[in-house]
Amino acid sequence: MADLQDDLHTTPEIGALPVERPTGATVADAFPAEAYAAALEAVDRVRALLAEHPVADGYSGLPRALRRLPWYDLELGETDVATDVPRLREGHVGALFWSLHLPDDARPDPALSATLDQLDLARTVIRDHPEGLRLARTAGQVIDARNCGRVAVVLGPATAAALDDSLGILRVLRTLGVRVLTLAGTSWASEAGLTRFGEEVVREMNRLGVLADLSGASDATIARTLTLSRTPVLCSRSAARALRPHPDNLPDDLLAALGAAGGVCMVPLAAEQTGPTLRDVAEHLDHIRAVAGPESVGLSGTFDSGAAHPQDLTDTACYPRLIAELLRRGWPETDLALLTWGNVQRVLRSADFAARAAQERREPSAARTVELDD
Amino acid sequence: MTSTEAARELLAEFPVVDGHNDLPWALREQVSYDLAARDIALDQSAHLHTDLRRLRTGGVGAQYWSVYVRSDLPDAVPATLEQIDCVRRLVDRHPADLRLAVTAADMEAARREGRIASLMGAEGGHSIANSLGTLRGLYALGVRYMTLTHNDNVDWADSATDEPNVGGLSAFGREVVREMNRLGMLVDLSHVAATTMRDALDTSTAPVIFSHSSSRAVCDHPRNIPDDVLERLPANGGMAMVTFVPKFVLQAAVEWTAAADENMRAHGFHHLDTTPEAMKVHRAFEERHPRPVATVATVADHLDHMREVAGIDHLGIGGDYDGTAFTPAGLDDVSGYPNLIAELLDRGWSKADLAKLTWQNAVRVLGAAEDVARHLQATRAPSHATIESLDG
């Protein structure tokens with residue numbers, strides 16, 4: 001175990017990565033000596049920071065991307081996808097949320113069956129890569145995985161339609177490891193907000209420790225869930241609407257409300273939502289840190305989910321580059337530690353505690369849509 | 001000591017493993033899973049065959065709770081998951097009496113602790129919606145057997161009570177069996193056509209079970225097991241768990257039931273409907289046509305014959321309580337098992353034989369399926385076959 005831990009922190013390739021180490025005569029011409037030294041120091045700072053506080057990446061479409069491939073090897077590297085174990089190590093990714101969302105196009109299968117299939121695939125992939133990946137159901141297991149040099153995989157977000165309007169199915173999905181559910185696209189979590197059954201779903205999610213994901217949810221659903229939830233929520237892939245209008249981006253008032261409620265807005269590396277450059281992403285991070293607070297901002301690679309990525313941020317090895325840019329912009333290291341790791345850990349741990357407390361108080365809910373909403 | 005006392009003494013050491021109980025479906029139909037409204041810690045004899053006190057009286061030590069859902073639902077998967085949730089909630093609610101069990105070792109641990117091992121069995125291949133991923137999901141949730149069909153055919157297997165379609169198991173059906181072997185989920189051949197039984201025995205490398213079926217030689221009903229299939233159980237290592245359902249075990253009841261079902265359909269009910277309204281229609285029919293009554297001896301006759309054909313190491317019990325409107329006299333609810341054991345003692349069954357019937361065979365079979373699974377998992381990856389790819 002100990003040698004694996006070392007692997008994570010000192011892979012030989014790492015020197016090439018965070019920012020390109022300036023070498024050779026041409027560089028000496030271009031860089032004065034002090035700039036060269038400063039660049040080297042920045043590389044070391046990024047590396048040290050990420051070694052201590054790796055990236056918890058809020059959204060990965062890997063399971064579904066792998067489904068298309070006849071064969072893959074994540075352990076040695078897989079060029080057909082943006083995520084594999086070597087590049088997760090290069091990027092200092094310590095935890096990865098695996099999306100169980102379904103494709104927007106034609107759905108031959110009902111949402112629940114398709115979600116079960118994705119869960120099965122996710123579990124199989126994790127089992128097949130025991131040296132690189134480990135399923136984590138709780139905040140404690142995320143830490144355990146990291147201490148063993150594995151990337152913790154957290155299952156979710158799943159789509160709310162998979163519940164088939166049943167709290168029993170929510171509980172069963174939790175048993176299978178689902179940790180995050182996106183509250184959108186159903187009769188009880190729609191543009192009109194949460195119905196009474198929708199509110200009961202949120203309460204049962206609190207009881208089970210399933211995090212609410214509000215990216216893609218309506219403003220009404222977001223506002224109500226922030227009030228109702230006894231534990232902070234996530235926005236698995238939302239940037240700032242003030243900088244770039246996109247339906248999944250959050251306006252400043254909701255960002256402020258999210259911050260007040262202790263939630264985390266995870267900024268996607270998706271050009272459509274942030275803009276096409278690394279600087280654009282950094283602008284969004286700056287803005288959300290200012291509006292929601294440093295404790296309410298996180299990162300979400302959205303790799304292998306079909307999103308187009310900003311330049312230089314095209315696979316899971318990219319994070320050191322982004323962190324270097326934020327350092328240049330004057331982010332204190334404490335805020336960077338919260339951004340990459342601390343905030344997500346806090347939200348997961350808080351949900352675990354809230355669930356244990358709720359299970360003392362509350363029986364499993366047997367409420368049904370027909371009773372509460374009709 | 002009377003034979004009933006001797007039976008109780010025996011069951012105290014080797015309690016009953018029952019292969020099939022439909023309490024979850026009854027809770028779904030009667031109270032929409034409001035477990036407080038049918039609290040099994042209280043006496044539920046007015047509503048159910050099953051509650052904790054009667055399970056204890058009956059000497060039950062392990063129960064495969066059926067997570068059955070009707071095969072005529074448009075999508076069986078959500079309802080099956082709700083059934084699983086129901087069992088898990090029951091176990092969570094009654095930790096002093098029930099213990100979730102997913103392995104043979106769990107069953108033995110429950111026996112040592114004096115709790116009732118609670119296992120799950122899915123009743124009908126419709127519950128996986130032609131998806132091996134969903135099959136693995138059910139396994140991950142604790143389901144340890146799947147009956148390949150219920151009363152209707154599935155796309156890949158023929159039912160005993162439907163028109164022949166694929167003639168047993170299709171290519172995908174055989175892949176389902178192989179994947180169940182790989183997982184360690186028992187292949188249950190109750191409800192399936194004899195052709196499906198034979199195909200499954202040809203395909204399965206692990207012991208199979210009949211979770212609730214009796215002998216077709218004793219009572220000619222398609223739900224029962226023909227002798228040529230029973231004869232194959234010793235080589236396979238599996239077991240047939242005798243069921244008590246009068247309309248399968250008593251010839252006179254077979255004919256009476258055909259008439260009663262016709263009456264239900266004439267009144268616009270599904271013939272398996274057990275809602276109060278449906279039961280009212282059923283009772284009216286019964287007043288006009290007295291129902292033939294099966295007894296403990298009827299079931300014992302089946303066991304005597306099955307023992308002749310399959311051998312003592314391949315028998316078990318699967319009462320089908322709360323899944324059937326009527327039960328034999330003396331086996332009225334889950335408290336009745338000691339009467340059956342007493343009857344068999346009177347017929348000269350030894351205590352060693354009865355220990356196999358009630359407990360040991362079922363534990364051995366689940367353990368053997370686990371061994372096969374461990375072996376297969378070393379060489380076989382999860383199957384991603386689809387019904388389209390194999391059956392065209």
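Counting from 1, residues in each chain are numbered in the order their sequence is written. Chains and ligands are labelled by the order in which they are written, letters from A for the one and numbers from 1 for the other. Residue-level local features of this predicted model are given only where pLDDT is at least 70; pairs of side-chain atoms are given and counted only at 80 or more, and the full residue set underlies all totals for whole chains, interfaces and linings.

### Concerning the overall build of chain B
Here's step 1: Helix numbering and strand numbering both begin at the N terminus, where a helix is a DSSP run of H or I of at least 4 residues and a strand a DSSP run of E of at least 2. Each helix and strand in chain B was counted, giving 17 helices and nine strands.
Here's step 2: Computation of the radius of gyration draws on C-alpha atoms alone. For the globule rule, the value is 2.2 Å times the number of residues to the power 0.38. For 392 residues, the compact-globule estimate of 2.2 N^0.38 gives 21 Å, and chain B sits close to it at 19 Å.
Here's step 3: Referenced to the eigenvectors of the C-alpha coordinate spread, the extents of chain B come out at roughly 55 × 50 × 45 Å.
Here's step 4: Here the C-beta atoms are placed from the backbone, and a residue counts as buried if at least 20 other C-beta atoms lie within 10 Å of its own, exposed if 12 or fewer do, and partly exposed otherwise. Counting across all 392 residues of chain B, residues that qualify as buried make up 57%.
Here's step 5: Contacts here follow a simple rule: the backbone-placed C-beta atoms of the two residues must lie within 7 Å. Taking as baseline every contact in chain B between residues at least 6 positions apart, the subset at least 24 positions apart corresponds to 74%.

### Considerations on unusual backbone geometry
Peptide bonds are, in most cases, trans, and in most cases residues other than glycine have a negative phi.
Here's step 1: Here the residue pair G156 of chain A and P157 of chain A is connected by a cis peptide bond, since its omega of 5° sits within 30 degrees of zero.
Here's step 2: By the secondary structure assignment, P157 of chain A is in the loop between β4 (151-155) and β5 (158-159).
Here's step 3: The phi angle at D320 of chain B is positive, at roughly 70°, despite the residue not being glycine.
Here's step 4: When you line up the elements, D320 of chain B lands in the loop between β9 (315-317) and α15 (337-346).
Here's step 5: In this structure, D322 of chain B takes a positive phi of about 60° despite not being glycine.

### Considering the pairing of strand β8 (residues 239-242) of chain B
All names here are of chain B.
Here's step 1: Burial along β8 is two-sided: M239 and M241 facing one way and A240 and V242 facing the other are all buried.
Here's step 2: The pairing criterion for strands is at least two bridges between them, as found by DSSP. Across two bridges, the pairing between strand β7 (residues 208-210) and β8 is parallel. Bridge assignment links I209 to a residue of β8, and that residue is M239.
Here's step 3: Note that β8 and β9 share three bridges and pair parallel. Considered in β9, the bridge of A240 is made with L315.

### Quick look at helix α10 (residues 219-228) of chain A
Residues and elements named next belong to chain A.
Here's step 1: Within the sequence span of α10, burial applies to T221, I222 and T225. With its buried residues spanning 100° around the axis, α10 presents them on a single face.
Here's step 2: Buried residues in α10 make contact with β7 (189-190), β8 (193-194), α9 (196-208), β9 (211-213) and α11 (252-260). As used here, the arc is the angular range of directions from the helix axis to the C-beta atoms.

### Regarding the packing of helix α14 (residues 296-310) of chain B against α15 of chain B
Residue and element names in this part refer to chain B.
Here's step 1: Axis definition: a line fitted to C-alpha atoms, over the contacting stretch in the case of helices. Angles run 0 to 180 degrees between N-to-C directions. With their axes 10 Å apart at the nearest point, α14 and α15 run at an angle of 60° to one another. Classified by the angle their axes make, α14 and α15 are oblique. Judged by the twist between their axes, the crossing of α14 over α15 is right-handed. Each of V296, A297, V299, A300 and L303 in α14 lies in contact with α15, whose residues at this interface are N339, L340, E343 and L344.
Here's step 2: Any residue outside Ala, Val, Leu, Ile, Met, Phe, Trp, Tyr, Cys, Pro, Asp, Glu, Lys and Arg is labelled polar, Gly included; the first ten of those are nonpolar and the last four are charged. When grouped by side-chain class, the residues that make up the contact of α14 with α15 number seven nonpolar, one polar and one charged. Should an angle fall under 35 degrees it is called roughly parallel, over 145 degrees roughly antiparallel, and 65 to 115 degrees roughly perpendicular, with every other angle called oblique. Here is the rule for handedness: rotate from the far helix to the near one, and if that takes an anticlockwise turn smaller than a right angle the crossing is left-handed, while a clockwise turn gives right-handed.

### Observations regarding the pairing of strand β12 (residues 297-300) of chain A
Residues and elements named next belong to chain A.
Here's step 1: Burial along β12 is two-sided: V297 and L299 and G298 and S300, pointing in opposite directions, are all buried.
Here's step 2: Relative to β12, strand β11 (residues 264-268) runs parallel, the two being bridged by four bridges. Within the sheet, the bridge partner assigned to P268 lies in β12 and is S300.

### Examining the interface of chain A and chain B
Here's step 1: Taken together, the contacts link 20 residues of chain A with 21 residues of chain B.
Here's step 2: For the side of chain A that touches chain B, the elements supplying multiple residues, two or more each, are α6 (111-128) and α8 (167-175) of chain A.
Here's step 3: For the side of chain A that touches chain B, a count of residues per class yields 10 nonpolar, five polar and five charged.

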